[in-house]
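Per-entry structural report
The chain contents come next:
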Amino acid sequence: MTWEVLTIPTLQMARPLKDVLPQFLERMMRLVKRRSRNQDAAMIRAFRQKLLDRFVLRPTRHRLPYAPKERLVISDSGTRDELFVQRPLLSQHESEDPGADEFKPPELIVFKFPGTAGRAERASDWPASALGCVDVKLFTWNPPGYGRSSGRASLTSIAERATKMFQVLTEDTCSSHTKVWLVGNSLGCATAVWVANQFANRVDGLVIRNPPPLVQTVKRVAHRYPGGRWTDRIAESLPASMDLLRTAHGIQLPTVVLQSEYDKLVPPELQLQVYDAIRASKRLVVMRGLGHDGVATEQHEPEINEAIRWLWQEAETNANASSEMSSS
């Protein structure tokens, strides 16, 4: 009789080969089936995520005018990120004094993240216009698949790319005294909150407008149509990095939430789920009479500007407190 020692998980003893082999083959088959199930699940999830991209994202790549903004391209590890930059106060000073120092660090840097059909080329200089004489430099980002940013438009890649972009730019452009805000509109709120949570020690304030809890928003829209409930699993494939109901709990920064009163895409009751999840100091501004894409008018400016000035004061207070702790 032939004896052989086989080493397999949980069985390390000398036994007849005819006894060991069936058990070994059975275990191998279970492992293969388990791996096959995992691979199948991964493939199904990837397919659902691609469908979700098609449901949610509205990327465009055509050229748009962007003057007087400046175009900035960051190339890193084979990727290309396109941003558009403006510095309103310096531009005004240069028109009055051509010798104005463009190399002087701004007091505030704002990173802006547009919505699902937004483009950085169209960004305004808000919230700089609400801060008067504060020297603000604004960077508005085109995510992957938008404008000339490389890659496919995908909810799975936005957060990672935004994180890399933010890290590169803040290392190159921020002084130790420069404050940093993140501003998100609609889908861009999810990106802004994710980046804020990754760099809580570097970001000083957050402004989000019409923040969508995306899983609930997609389900709500889909359920209007016959068979809409079949999309529930597709909505639930949303990456955790873009799920505001998960990430909003981690916000540690003073936050302003702007809410359109008559938003039919992301109704106020859904937006309030995100607002209620924020545990940091916060302000809610309801923009009366506006829908999801409505433009704020002069009647909205006083309340919005008051909230933005509150955010600036909070950033100043926190910066002074940090400075005192460092010196003590």
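The rules behind the values
Residues numbered from 1 in each chain as written. Predicted model: local features only at pLDDT ≥ 70, side-chain atom pairs only at ≥ 80, totals over all residues. Heavy atoms only, no water. Buried < 20%, exposed > 50% of the residue type's maximum accessible area, 1.4 Å probe, protein only. Helix = DSSP H or I, 4+ residues; strand = E, 2+ residues; numbered from the N terminus. Contact = heavy atoms within 4.5 Å. Pairing = 2+ DSSP bridges. Axes fitted to C-alpha atoms, helices over the stretch in contact; angles between N-to-C directions. Parallel < 35°, antiparallel > 145°, perpendicular 65-115°, else oblique. Left-handed = near helix turned anticlockwise from the far one by under 90°. Core = buried A, V, L, I, M, F, W, Y, C linked by side-chain atoms within 4.5 Å. pLDDT = per-residue confidence, 0-100. Right-handed = clockwise from strand over helix to strand, strands pointing away.

Bringing helix H8 (residues 268-277) into the picture now. If you check which residues of H8 are buried, you get Pro268, Leu270, Gln271, Val274, Tyr275 and Ala277. In the core, the buried residues of H8 are packed alongside helix H5 (214-222), helix H7 (244-247), strand E9 (255-260) and strand E10 (282-287).

Another aspect to go through is the sheet that holds strand E4 (residues 79-86). Reading across the sheet, the eight strands line up as E3-E4-E6-E5-E7-E8-E9-E10 and stay open at both edges, with mixed pairing between neighbours. A single partner strand is all that each edge strand has here, and the edge strands are strand E3 (70-76) and E10. Ignoring which end each strand starts from, the neighbouring axes of this sheet average 20° apart. Bridge analysis of strand E5 (residues 108-113) against strand E6 (residues 136-142) gives five bridges, and the strand direction is parallel.

With that out of the way, let us pick up the packing of helix H3 (residues 155-173) against helix H4 (residues 187-198). The interhelical angle for the contact between H3 and H4, taken along N-to-C directions, is 50°, at an axis separation of 10 Å. Here H3 lies oblique to H4, going by the angle between them. Judged by the twist between their axes, the crossing of H3 over H4 is right-handed. Listed contacts from H4 to Leu155, Ile158, Ala159, Ala162, Thr163 and Phe166 of H3 are Leu187, Thr191, Trp194, Val195 and Gln198.

Counting 51 residues, the largest nonpolar core has Phe111, Phe113, Leu155 and Leu182 as the members making the most contacts within it. Discounting chain neighbours no more than four positions away, the residues touching phenylalanine 113 are Trp141, Ala162, Met165, Leu182, Val183, Gly184, Asn185, Gly188, Thr191, Ala192 and Val195. Formed by 23 residues, the second largest nonpolar core is a distinct cluster that contains Trp181, Val285, Leu290 and Ala307.

Keep in mind that most residues, glycine aside, have a negative phi and that most peptide bonds are trans. Note that the residue after alanine 67, namely proline 68, is joined by a cis bond; omega there is 10°. When you line up the elements, proline 68 lands in the loop between helix H1 (17-56) and E3. Of note, the bond from tryptophan 126 into proline 127 is cis; its omega dihedral lies within 30 degrees of zero at 10°. With respect to the secondary-structure elements, proline 127 resides in the loop between E5 and E6. Located in the positive-phi region is serine 77, a residue other than glycine, with phi close to 50°. Residue serine 77 is classed as exposed on the basis of its relative accessible area, which comes to 68%. A positive phi angle is found at asparagine 210, which is not glycine, with a value near 50°. The topology assignment puts asparagine 210 in the loop between strand E8 (205-209) and H5.

Glancing now at the confidence of the model for the protein chain. Across the protein chain, pLDDT averages 87, with 84% of residues at or above 70. In the model, residues 1-14 has pLDDT below 50 throughout and makes 18 contacts with residues more than four positions away in sequence or in other chains.

Before going further, it helps to spend a moment on H4. Across the twelve residues that make up H4, a large majority, nine, are buried. The complete set of buried residues in H4 reads Leu187, Gly188, Cys189, Ala190, Thr191, Ala192, Val193, Val195 and Ala196.

Take the pairing of strand E7 (residues 179-185) next. Counting buried positions over the seven residues of E7 gives six, a clear majority of the element. Where E5 lies against E7, six bridges are found, and the strand directions are parallel. By the bridge assignment for E7, valine 110 is matched with tryptophan 181. For E7 and E8, the ladder comprises five bridges, and the chain directions are parallel. Across the sheet, tryptophan 181 pairs through a bridge with glycine 205, a residue of E8. As for the winding sense of the linkage, the β-α-β connection from E7 through H4 to E8 is right-handed.

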